[in-house]
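# Breakdown of the fold
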Amino acid sequence: MTDDLQRMIERAHAADLAIHSFAVSVDGDDVVRAGVAPWGHDVPHRMYSVSKSITAVAILLLADEGRLSLDDPIIDHFPEMGPVHPWLAATRIDDMLAMTGPHSRTTYDADGDGWLESYFRVPPTHRPGTLFTYDTSASYVLSALIERLSGMPMLDYLRPRLLDPLGVGHGMTFLTGPEGISHGGSGLIATPGDMLRIAQAVNGDVAVLAAPLRARLLERRSDPATQTWGAALRHRYGRQIWLPTDGCWLMFGLGGQLVYGDPSRRLAAVVTADTTTLASGDQRLVDLLVSALGAEFDGDVLLRPPTPPHEPASARTVRGVCTLVSGEAAPPRLAVELHAGGGAIEVADSSLRFDTARPTVTTLPLGDAGVTAGWSAPGVLDVRVSAAAADIASVRLRLVVTDAGILTVMSQGFGPSISSAWTWRGSYEVR
């Protein structure tokens, strides 16, 4: 597996996918444990839709305790939301777990209020159980159900049943929606190490989750073949968990947050990443990972951040404050320091320093960040930034120094909530 994993990492880097951490266990023992500063095995990371699978585990635990039935209509647990459309009245908890609810898309506005109510108020487009529709609002409603029935935040409910027996979760948190409900669709923040232990529990490598519950979680419940996503995400779907190949399972989160298991081989893997700079980059990473983990393991892997090519002879020297000649959304003045060894630039009211010889670890308004840089062609400096806090974000800068005394800069920001201040382009007079 080592060569396959190393090739996977190299192919990911070639596509400008930033892998923050990577861990693999076999028979419950860590065999790969790699991270790129400032992230790593024990550093909390936003897991996005991996949250859905954790929500599903909590629902199945409540079902085992007899506090709900998967065949319950969801409206029975939220009677204050009635009356509702007949197709909503027929929607069962199990339909929501299988992503075969009645809506064509997530019902709430991420920047608005009333996420819970939106599920019951937005008109449905089809009968439940007929179409696969990836719906984060369904997961949010399920997390509200967990907290309503248990009388506590979801993680508090899970602690004695899952987290404490595994010895994990002390730094685990959930972002909340506008009603204060744990965002069971996308809000989980957890360390890769904790997620690896949870993966081992789903596999059955550690005896924490009962076998019938694990079987229900991984039972094929719907067909996601109509998705326009990567091949591994169009195979089968269980209860808020993907089934990318026969016998294997996958928790999948935006930006390349992946938790993978192969129970027959007692193999578990966790990847945290930022793939936002490439369209469908997270789906590309899934396909690479599933393929790489199909081989046998025989050693360690080397993980570095993606780094632009660097040729010192291509470097140019610029120092001082440059004045805007023309641009789009560009700052009127730009303080820069460029040389063969790296330099600094003011971007979005932040001082961004970079080194062409090694990655730079810094803290930006975007969060803790890793920065790499290289003079990729004569007068052309490329800078890559990958950051993570409550959200992931990437910035790509290209600075072109011409002999005519003009510095042209293109800054591109990527991420689910990155400020527009990180995206602009402009040409500056160098003095």
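The rules behind these values
- Residues numbered from 1 in each chain as written.
- Predicted model: local features only at pLDDT ≥ 70, side-chain atom pairs only at ≥ 80, totals over all residues.
- Heavy atoms only, no water.
- Pairing = 2+ DSSP bridges.
- Helix = DSSP H or I, 4+ residues; strand = E, 2+ residues; numbered from the N terminus.
- Axes fitted to C-alpha atoms, helices over the stretch in contact; angles between N-to-C directions.
- Contact = heavy atoms within 4.5 Å.
- Buried < 20%, exposed > 50% of the residue type's maximum accessible area, 1.4 Å probe, protein only.

### Structural notes on the sheet that holds strand β19 (residues 406-414)
- The antiparallel open sheet is built from 10 strands, whose spatial order is β14-β13-β12-β11-β20-β19-β18-β17-β16-β15. Edge positions in the sheet fall to β14 (350-355) and β15 (360-364), since each has one partner strand and no second. Shown here is a sheet whose adjacent strand axes are inclined to one another by a mean of 30°, direction ignored.

### Some details on the sheet that holds strand β3 (residues 45-48)
- Sheet architecture is open: three strands sit in the order β3-β5-β4, paired in antiparallel fashion. A single partner strand is all that each edge strand has here, and the edge strands are β3 and β4 (173-174).
- Packing against the sheet, helix α2 (residues 50-64) makes contact with β3, β4 and β5 (188-190), and its axis sits at approximately 70° to β3.

### Quick notes on the pairing of strand β12 (residues 333-339)
- Side chains Leu 334, Val 336 and Leu 338 of β12 all project onto a buried face; the interleaved residues Arg 333, Ala 335, Glu 337 and His 339 project onto a face where none is buried.
- In this structure, strand β11 (residues 318-328) lies alongside β12, joined through six bridges in antiparallel fashion. Across the sheet, the residue bridging to Thr 323 is Arg 333, located in β12.
- Taken together, β11 and the strand that follows it, β12, pair antiparallel across an intervening segment of four residues, in which Ala 329 is found at a positive phi of about 60°.
- The pairing of β12 with strand β13 (residues 342-347) spans four bridges and is classified as antiparallel. Residue Leu 338 lies in a different strand from β13, and its bridge partner there is Gly 343.

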